[in-house]
Amino acid sequence: AAEAGVSFLQLAPIPTARRGSVGGILDSQKDETPEVWVVGGSNSELKEDVGKSVQVYDTSSDTWREETPMPISRSDHGAAPVGGNLYVAGGMSSCLNPKGGNICNISDVSVYTAAEGEW
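Residues numbered from 1 in each chain as written. Predicted model: local features only at pLDDT ≥ 70, side-chain atom pairs only at ≥ 80, totals over all residues. Heavy atoms only, no water.

Caption draft 1: Structural detail: the side chain of S53. With respect to the helices and strands, S53 occurs in the loop between β2 (34-39) and β3 (54-58). When its relative accessible area of 12% is taken as the criterion, S53 is described as buried. One polar contact links S53 to R18, side chain to side chain, over a distance of 2.7 Å. In this view, S53 contacts R18, V38, V39, G40 and M70; residues no more than four positions away in its chain are not counted. (Helix = DSSP H or I, 4+ residues; strand = E, 2+ residues; numbered from the N terminus. Buried < 20%, exposed > 50% of the residue type's maximum accessible area, 1.4 Å probe, protein only. Polar contact = N/O pair within 3.5 Å; in protein donor to acceptor, adjacent residues only side chain to side chain. Contact = heavy atoms within 4.5 Å.)

Caption draft 2: The pairing of strand β1 (residues 22-27), seen in detail. Burial along β1 is one-sided: V22, G24 and L26 are buried, while G23, I25 and D27, pointing the other way, are not. Bridge analysis of β1 against β2 gives six bridges, and the strand direction is antiparallel. From the neighbouring strand, D27 faces β2, where its bridge partner is P34. Hairpin connection of β1 to β2: six residues between the antiparallel strands, including E32 at a positive phi of 65 degrees. (Pairing = 2+ DSSP bridges.)

Caption draft 3: Focus on the sheet that holds strand β5 (residues 78-82). In spatial order, the strands read β5-β6-β9; together these three strands make up an open sheet with antiparallel pairing. Either end of the sheet is taken by a strand with one partner, and the two such strands are β5 and β9 (109-113). Each strand of the sheet is rotated relative to its neighbour by a mean of 20 degrees, with strand direction disregarded. Direction of pairing for β5 relative to strand β6 (residues 85-89): antiparallel, over a ladder of five bridges. Bridge pairing in β6 places A79 opposite V88. (Axes fitted to C-alpha atoms, helices over the stretch in contact; angles between N-to-C directions.)

Take a look at the structure:
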């Protein structure tokens, strides 16, 4: 139950259902409005590669948009916004694991440079 005086708003749903994703807050490049960036994750029900996806929620218009995909597919990773950029580190990815199984831990760190719009 919500506390007295606390309410929740129903916002636009994220276009691609997922789990194991992470998010961060970056200011919009056009007007410095805060945006919610959701990156990577997995979804066993979809055939598309959700792990590279980057979807951005615009808090001023209640809409989502696609951004440049990450270079490496990943889920269960970490992310942090720093100085207008989004750093994404580690996680798991599908691979041919020599020790058996099809999931590998990854140590890659990628940075999205918002001003250039690229990884």
